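Overview (structure and organization)
Each chain, letter by letter, is given below.
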Amino acid sequence: QVQLVESGGGLVQAGGSLRLSCQASGRTFSRYAMGWFRQAPGKEREFVAAIVWSGGNTYYVDSVKGRFTISRDIAKNTVYLQMNSLKPEDTAVYFCAAKRASTGTYYNALNYDSWGQGTQVTVSS
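Here goes a summary of the coordinates provided. Everything quoted here is computed from the prediction, not taken from an experiment. (Residues numbered from 1 in each chain as written. Predicted model: local features only at pLDDT ≥ 70, side-chain atom pairs only at ≥ 80, totals over all residues. Heavy atoms only, no water.)

Quick notes on the sheet that holds strand β8 (residues 78-83)
In space, the 4 strands of this open sheet follow the order β1-β3-β8-β7, with antiparallel pairing throughout. Two strands close off the open sheet at either side, each with one partner strand: β1 (3-7) and β7 (68-73). The sheet shows a mean angle of 15° between the axes of neighbouring strands, taken without regard to direction. Across 6 bridges, strand β3 (residues 18-25) lies against β8 in antiparallel orientation. Pairing of Ser21 across the sheet is with Tyr80, part of β8. (Pairing = 2+ DSSP bridges. Helix = DSSP H or I, 4+ residues; strand = E, 2+ residues; numbered from the N terminus. Axes fitted to C-alpha atoms, helices over the stretch in contact; angles between N-to-C directions.)

What follows is the structure, encoded as structure tokens:
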């Protein structure tokens, strides 16, 4: 059973940075992709970024390109989301998720079968 545990959220001023971590366990992830999604109050869950575990290809939503970077540490089974130049509109609960790399698009939350509990990111103006 896949387990995902996020950490690194918090309160930061606009323009600041945070790094989220997602510790993954429970299986070998070589055929998986890992994604970050976020959900703000009253809004739908939104794709943020994804990385293919084997090969490291990355994908981003347009609103975070150039500001966020997704990466993984294979030895530590950990995925990171480095968030720079944060804006108040980035405020949300951020979730880590896992899917088989060959199943569906990276942007659709329905294609992910394992989720973490989420970590709150709050950006003050």
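Quick notes on the nonpolar core
Counting 30 residues, the largest nonpolar core has Met34, Trp36, Leu81, Met83 and Tyr94 as its most contacted members. Elements with a contribution of two residues or more to this core: β3, β4 (32-39), β5 (46-52), β7, β8, β9 (92-100) and β11 (119-124). One finds Phe37, Phe47, Ala50 and Tyr106 within the second-largest nonpolar core, a separate group that totals 8 residues. (Core = buried A, V, L, I, M, F, W, Y, C linked by side-chain atoms within 4.5 Å. Buried < 20%, exposed > 50% of the residue type's maximum accessible area, 1.4 Å probe, protein only.)

Quick notes on the environment of Ile51
Its location among the elements puts Ile51 in strand β5. Sequence spacing of Ile51 and Trp36 is 15 residues, and the spatial spacing of their C-alpha atoms is 9.0 Å.

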